[in-house]
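Architecture and fold: a report
So you can see what is in the structure, the chains are spelled out below.
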Amino acid sequence: MIDPRRNATALRVVIDRERCIGSENCVASAPSVFRLDAEGKAVLLDPSTVDIETLRLVAEICPTEAIVLEDDAGNQVFPG
Ligand code: SF4
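In this text, all values refer to a predicted model and were calculated from it rather than measured experimentally. (Residues numbered from 1 in each chain as written. Predicted model: local features only at pLDDT ≥ 70, side-chain atom pairs only at ≥ 80, totals over all residues.)

Some thoughts on helix H2 (residues 52–61)
Basically, it comes down to this: To assign burial, the other C-beta atoms lying within 10 Å of each residue's own C-beta are counted, with C-beta atoms placed from the backbone; 20 or more indicates buried, 12 or fewer indicates exposed, and intermediate counts indicate partly exposed. Put simply, DSSP H or I for four residues or longer makes a helix, DSSP E for two residues or longer makes a strand, and each gets a number counted from the N terminus. Arc, as used here, means the arc of the directions from the helix axis to the C-beta atoms. Working definition of a contact: two residues with C-beta atoms, positioned from the backbone, lying within 7 Å.
Regarding H2, the residues found buried are Leu-55, Val-58 and Ala-59. Projection of H2 onto a plane perpendicular to its axis shows the buried side chains occupying an angular sector of 100°, all on one side. Buried-residue contacts for H2 involve strand S2 (12–16), helix H1 (25–29), strand S5 (67–70) and strand S6 (76–78).

So, in structure tokens, the structure goes:
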């Protein structure tokens, strides 16, 4: 299941739940944005609580590239 939300700065965050292995890297780095659900998969809370650079850094430390970032035009900006 894809769970898209939009950052206040218009960056779209998508978690690919098929790829998520529940490592919690994202939760540890940005607990206001990510949490694990009952299935042990990441879900989004409020991406607007952090800036774009933080979202990018968190996406980069996801071991399975399950955090996908898209710009306003729907272009994938990470993973590149
Ligand atoms: S860092 Fe990636 S694999 Fe780990 S819980 Fe977050 S989305 Fe899932």
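Considering the site of the ligand
Basically, it comes down to this: Only the C-beta atom, placed from the backbone, is used; a residue is near a molecule or strand if that atom lies within 6 Å of it. Three residue categories are used. Nonpolar comprises Ala, Val, Leu, Ile, Met, Phe, Trp, Tyr, Cys and Pro, charged comprises Asp, Glu, Lys and Arg, and polar comprises the others, including Gly.
The immediate surroundings of the ligand are formed by 15 residues, with Cys-20, Ser-23, Asn-25, Cys-26 and Cys-62 found nearest. Grouping the constituent residues of the shell around the ligand by class yields 10 nonpolar, 4 polar and 1 charged.

Considerations on the nonpolar core
Note the cut-off: Take the buried Ala, Val, Leu, Ile, Met, Phe, Trp, Tyr and Cys residues, join any whose C-beta atoms are within 7 Å, and the set you get is a nonpolar core.
Counting residues in each nonpolar core, the largest one holds 16 residues, and the members touching the most others are Cys-26, Ala-42, Leu-55, Val-58, Ala-59, Ala-66 and Ile-67. Contributions of two or more residues to this core are made by S2, H2 and S5. At 3 residues, H2 tops the list of elements feeding residues into this core. Apart from residues lying up to four places away in sequence, Ala-42 is in contact with Ile-15, Cys-20, Cys-26, Phe-34, Leu-36 and Ala-66.

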